[in-house]
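Letter by letter, the chains look like this.
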Amino acid sequence: MTASRLLVVATKSILKNKMRTLLTMLGIIIGVGAVIIMVAIGQGAQSRIAEQIQNLGTNMIVITAGTSSSGGVSRGSGSYNRLRVRDAELIAQESILLSGVTPVVTTFTQAVGGTGNWRTLINGVGVDYEYIRALTMFDGSFFNQRDVRQMKKVAVLGWTVAENLFPDGDGVGQQIRLRNVPFTIIGVLNPKGQTASGTDQDDQILAPYTTVQTRLRGRSFISQILVNTSNPNDIPAAEEEIAVLMRESHGLAAWEEDDFTVRNQTELAEAAQGTTEVMTLLLAAIASISLLVGGIGIMNIMLVSVTERTKEIGIRMAVGARGSDVLTQFLIESIVMSVFGGALGVLLGFGGSTLLSRFMGWGTEVAPDIVAIAIIFSAAVGIFFGFYPARKAAALNPIDALRYE
Amino acid sequence: MQKEKKTVIETSGITKIYSMGGTEVHALAGVDFQVDDGEFVAIIGASGSGKSTLMNIVGCLDYPSKGTYILDGVEVNKLERNALADIRNQKIGFIFQGFNLLARTSALENVELPLLYDRSGNKYNLKKRAREALEIVGLGDRADHHPNELSGGQQQRVAIARALVTDPSLLLADEPTGNLDSKTSVEVFGLFQELNAKGITIVVVTHERDVIHYVKRVVELKDGLLIRDELQTPRSAAEDLERIIAAEIDAENAAENTVVGADESAENLAEDVDEDVTVEIVKETPGGSTQDINELAV
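In this convention, every chain numbers its residues from 1, walking through the sequence in written order. The lettering of chains begins at A and the numbering of ligands begins at 1, in the order of writing. Owing to the predicted nature of the model, reporting of local features is limited to residues with pLDDT of at least 70; listing and counting of side-chain atom pairs is limited to 80 or more, with chain, interface and lining totals taken over all residues. Heavy atoms throughout the structure, all of them, feed into the side-chain values; hydrogens and water do not.

**Digging into the overall build of chain A**
On a plain count of helices and strands, chain A comes out with 13 helices and 12 strands. Taking contacts inside chain A between residues at least 6 apart in sequence as the whole, the part at least 24 apart equals 77%. By definition, any uninterrupted DSSP run of H or I lasting at least four residues is a helix, any uninterrupted run of E lasting at least two residues is a strand, and each is numbered from the N terminus. A contact between two residues is defined here by any heavy atoms of the two lying within 4.5 Å.

If you want it as structure tokens, here you go:
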């Protein structure tokens, strides 16, 4: 028999018992639908987390002060701060791999201006900060190299600060006072939202580090240096380069330990990504069990069907069907059922994911590859669970099958 | 036998042994049996005589335990399963007592069935060929009916069409009239005679003595052995059918004042028909009410 004829025979045979076919397919429909919805939820979560990490700045490396210890007792991170602006300047000058370098000088203070006052974080940074942290301007502009060099008293407000001090959104061009020093607002940032740990990234004011250091802080040590590379693959090499430059800048002898710490975002990103991947896998595994159960349902029905249709098999063999014809017919019936069920399951998965994201507000993403996998897998289920009953049918002796009542 | 003709079936020393609960049962105990091209043979015998077993072996549905079976010059008992399936498809048309049609499948699709498994590679229009086969058995107008919408006689004719559709040289019928009333049985044998006249070799297994008058040769089996093999001049089933129909019409006319006779044997039937006695030949059978018969006769 040709393939198309076989397909016609199998389809006709399936359609002769619509209710049973539908019930058989239900297992596959639910199985595939569940896999797709679960993976969609998992991937939705994964991409949200990836987005948040992206928000922190890509390929970012953070250099912070090292630890010190006296008499074998460690004083913890940052206890031995020898980080200075000139370290950042040296790194910026000497580095080959880095595409952006900025010192970060932080202080907390009350900002006064507009409709009232607001206690917030002041970050004294260089111009590269905008690029390293992937900031975008809501209004106005970021300060430039000249502002930094000339220690201009200019400030860029985070969204939360701007909202509180200038609710009408007319902050740019106005003045605020930080520790009685007047700053001109030259820009407002677009909101970035919270970090994974819940810190509001918009509750800050940015100003040139030179200005912050001289006018607001008065100390020469800085809290951290942020750098980034243009390519994530460069990060390990860049970290080594930084270490070399830092040791040189601090004049450390070969036997002395690093008095700084270098960390990068990818570790954090990988950890978070890993967690959600495990989550997705777990969800998919649970959903796969229902697909397996659906497959067993198909095998069950096909086995019953072989017994029920023994006479039919006998008739087909008596008029000249070979064992292989009967085998293929039953196999194709099972595959057609499972693939069709799989296709319906994909529709269910799409529908379910859309409903979930619309009414529950969960971010879901139906990946095309999981749809393909689900369909291929359901076909495999059809072959796997259809083979045993089909072989049983094919092995029947024509005369026994004919006599079967 | 008849003229010098090609041998279609030739079995020698065929035995079939079934082991049932440790004891061996010899269903066939060495049968030498030969059928030439164009013959119309009835195999008779009591139940358990081995006639169905012989039929299944001749029909390539079963293997003999011992002995050789040559069909159309091919030693069939040495072939493997797939080759047997192809022979059943191409050379043999099988007709069963229980019709063995696929339920919930139209008459046309039932007749198409053997063509679906045709591996001869010949190109033809499946539907057209199936329709032609249905027309041969006079059911061209019932092609779309399902088996449960057809009478027993019509179902058996669909089965005959299915057996004919691959143009086999050999038609095998295992108790083809076992589930039919006597009039429909005569009809079926009339069809067999027509087909035989066209040159198709037919072998029928039956235990009904009524119908063996229509065949050219009678073979009797007893306890797995061939005990009788006789040629005879067949009666014409078509003529009998005409008489039966005429008798039925008369019987209907006379129904008010005549009691319909009880079961009559075929021998009586034959004699009675010759003597033009009309009423008593109507046999009382479940499907054979006068209305049904009239319907069929029209």
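**A word on the sheet that holds strand E10 (residues 225-231) of chain B**
All names here are of chain B. The six strands lie next to each other as E6-E7-E8-E3-E9-E10, forming an open sheet whose pairing is mixed. In the strand order of this sheet, the two ends are held by strand E6 (92-95) and E10, each with one partner. In this sheet, adjacent strand axes meet at a mean angle of 15 degrees when their direction is disregarded. Pairing between two strands requires that DSSP report at least two bridges joining them. In terms of strand pairing, strand E3 (residues 40-44) meets strand E8 (residues 201-205) through four bridges, oriented parallel. The residue of E8 that forms the bridge with Val-41 is Val-203. With respect to the sheet, helix H6 (residues 182-197) is in contact with E3, E6, strand E7 (170-174) and E8, its orientation differing from that of E8 by roughly 150 degrees. Axes here mean lines fitted to C-alpha atoms, for a helix over just the part in contact, with angles spanning 0 to 180 degrees between N-to-C directions.

**Describing the sheet that holds strand E5 (residues 74-75) of chain B**
All names here are of chain B. With respect to topology, four strands assemble into an open sheet ordered E2-E1-E4-E5, the strand pairing being antiparallel. Each edge of the open sheet is held by one strand with a lone partner, namely strand E2 (23-36) and E5. Note: strand E1 (residues 7-20) against strand E4 (residues 66-71), five bridges, orientation antiparallel. Along E4, the bridge assignment pairs Thr-15 with Lys-66. Where helix H1 (residues 51-58) meets the sheet, its contacts fall on E1, E2 and E4, and the angle it forms with E2 comes to roughly 60 degrees.

**Overview of the environment of Val205(B)**
Residue and element names in this part refer to chain B. By the element assignment, Val-205 lies in strand E8. Sequence-wise, Val-205 and Phe-96 are 109 residues apart; in three dimensions their C-alpha atoms are separated by 9.8 Å. In this view, Val-205 contacts Ile-43, Lys-51, Ser-52, Met-55, Ala-173, Asp-174, Glu-175 and Pro-176; residues no more than four positions away in its chain are not counted.

**Some thoughts on the packing of aromatic side chains**
All names here are of chain B. For Phe, Tyr and Trp, where Trp contributes only its six-membered ring, two rings pair if their centres lie within 6.5 Å, and the inter-plane angle classes them as stacked under 30 degrees, edge-to-face over 60, or tilted in between. Applying the stated criterion across every chain yields a total of eight aromatic pairs over all chains. When the ring of Phe-189 is compared with that of Phe-192, the centres are 5.5 Å apart and the planes differ by 80 degrees; the resulting orientation is edge-to-face. Of this pair, Phe-189 and Phe-192 both sit in helix H6, three residues apart, which is roughly one turn of the helix. No difference in accessibility class separates Phe-189 from Phe-192, as the two residues are buried. With centroids separated by 6.0 Å and ring planes inclined at 40 degrees, the aromatic side chains of Phe-189 and Tyr-214 adopt a geometry described as tilted. With Phe-189 in helix H6 and Tyr-214 in the loop between E8 and strand E9 (217-222), this residue pair connects regions lying 25 residues apart in the sequence. Taking relative accessible area as the criterion, Tyr-214 reaches 3% and is therefore assigned buried. Site record: aromatic cluster; members linked through ring pairs are Phe-40, Phe-189, Phe-192 and Tyr-214. In this analysis the charged atom, NZ for Lys or CZ for Arg, is taken to sit over a ring once it is within 6 Å of the ring centre and within 35 degrees of the ring normal. Above the plane of the ring of Tyr-124 lies Arg-129, whose end atom (NZ or CZ) is 4.3 Å from the centre. Throughout, exposure labels follow a simple rule: accessible area from a 1.4 Å probe, protein chains only, divided by the maximum for the residue type, with under 20% read as buried, over 50% as exposed, and the rest as partly exposed.

**A word on the pairing of strand E4 (residues 98-113) of chain A**
All names here are of chain A. In terms of strand pairing, E4 meets strand E11 (residues 224-229) through six bridges, oriented antiparallel. When the bridges of E11 are listed, Thr-102 appears paired with Leu-226. With 10 bridges connecting them, E4 and strand E5 (residues 116-125) associate as antiparallel partners. In the strand pairing of E5, Gln-110 is matched with Arg-119. The antiparallel pairing of E4 with E5 creates a hairpin that spans two residues between the two strands, and Gly-114 there sits at a positive phi of about 60 degrees.

**Some details on the packing of helix H3 (residues 85-94) of chain A against helix H8 (residues 235-250) of chain A**
Residues and elements named next belong to chain A. In contact at an axis separation of 10 Å, H3 and H8 are set at 130 degrees when each is read in the N-to-C sense. On the basis of their axis angle, the class for H3 and H8 is oblique. Judged by the twist between their axes, the crossing of H3 over H8 is right-handed. Note on element contacts: H8 touches H3 through Glu-241, Ile-242, Leu-245, Met-246, Ser-249 and His-250, opposite Arg-86, Asp-87, Leu-90, Ile-91 and Glu-94. Under the scheme applied, nonpolar residues are Ala, Val, Leu, Ile, Met, Phe, Trp, Tyr, Cys and Pro; charged residues are Asp, Glu, Lys and Arg; polar residues are all the others, including Gly. Looking at side-chain class alone, the contact of H3 with H8 contains five nonpolar, two polar and four charged residues. We call two directions roughly parallel when the angle between them is under 35 degrees, roughly antiparallel when it is over 145, roughly perpendicular when it lies between 65 and 115, and oblique otherwise. Throughout, a crossing is termed right-handed when the near helix is turned clockwise from the far one, and left-handed when it is turned anticlockwise from it by less than a right angle.

**Examining the interface of chain A and chain B**
Counting residues at the interface gives 28 residues for chain A, matched by 26 residues for chain B. With both chains or domains summed, chain A and chain B bury close to 2400 Å², and 50% of this area falls on carbon and sulfur atoms. The largest share of the area that chain A buries against chain B comes from Lys16(A), Val319(A) and Arg322(A), three residues that together contribute 27% of it. Note that Arg119(B) is salt-bridged to Asp325(A), the shortest N-O span being 2.6 Å. The definition of a polar contact used here is a pair of N or O atoms within 3.5 Å, where within protein one atom must be able to donate a hydrogen and the other to accept one, and adjacent residues in sequence count solely through side-chain atom pairs. Linking chain A with chain B are 11 residue pairs in polar contact (both at pLDDT 80 or more), by the criterion used here. Per-element accounting of the side of chain A that touches chain B gives the leading share, six residues, to helix H10 (residues 310-318) of chain A. Note: buried area is the sum, over both parts, of the accessible area (probe 1.4 Å) each one loses when the two are combined. Each reported salt bridge corresponds to a side-chain nitrogen of Lys or Arg within 4 Å of a carboxyl oxygen of Asp or Glu.

**Notes on the environment of Met151(A)**
Residue and element names in this part refer to chain A. Looking at the element boundaries, Met-151 is found in the loop between helix H5 (145-149) and strand E7 (154-157). Considering only alpha carbons, one finds Met-151 and Arg-215, 64 residues apart in sequence, at a separation of 9.1 Å. Excluding its chain neighbours within four sequence positions, the residues that come into contact with Met-151 are Thr-210, Thr-211 and Thr-214.

**Thoughts on the pattern of salt bridges**
Scanning the entire structure with this criterion turns up 25 salt bridges over all chains. In the salt-bridge network here, residues are joined through shared partners; they are Arg309(A), Glu312(A), Arg316(A) and Glu333(A).

**Structural notes on the nonpolar core**
Nine residue types can take part in a nonpolar core, namely buried Ala, Val, Leu, Ile, Met, Phe, Trp, Tyr and Cys, and a core is a set of them joined through side-chain atoms within 4.5 Å. Ranked by size, the top nonpolar core spans 110 residues in total, and within it Ile9(B), Leu71(B), Leu134(B) and Phe192(B) carry the most contacts. Per-element tally for this core: the top contributor is helix H12 (residues 368-394) of chain A, with seven residues. In this view, Leu71(B) contacts Val8(B), Ile9(B), Cys60(B), Val76(B), Ile87(B), Lys91(B), Ile92(B) and Leu170(B); residues no more than four positions away in its chain are not counted. Val62(A), Val148(A), Val154(A) and Met246(A) belong to the second largest nonpolar core, which has 55 residues in total.

**Quick word on a nonpolar patch on the surface**
Note on patches: the residues involved have over 30% relative accessible area and no salt bridge, like charges join within 9 Å, and the nonpolar side chains Val, Leu, Ile, Met, Phe, Trp and Tyr join within 5 Å. Each accessible area is a Shrake-Rupley result for a 1.4 Å probe, and residues are judged covered by the shown protein chains and nothing else. A surface patch of nonpolar side chains, about 400 Å² in accessible area, is lined by Met19(A), Leu23(A), Leu26(A) and Ile30(A). With respect to the helices and strands, the residue Ile30(A) is situated in helix H2 (residues 18-56).

**Observations regarding the packing of helix H3 (residues 107-116) of chain B against helix H4 (residues 126-136) of chain B**
Residue and element names in this part refer to chain B. The contact between H3 and H4 brings their axes to 9 Å, and the two run at 120 degrees. Of the two possible hands of crossing, H3 and H4 adopt the one that is right-handed. Contacts between H3 and H4 pair Ala-107, Leu-108, Val-111, Glu-112, Leu-115 and Leu-116 from the former with Leu-126, Lys-127, Arg-129, Ala-130, Arg-131, Ala-133 and Leu-134 from the latter. A per-class count over the contact of H3 with H4 returns nine nonpolar, no polar and four charged.

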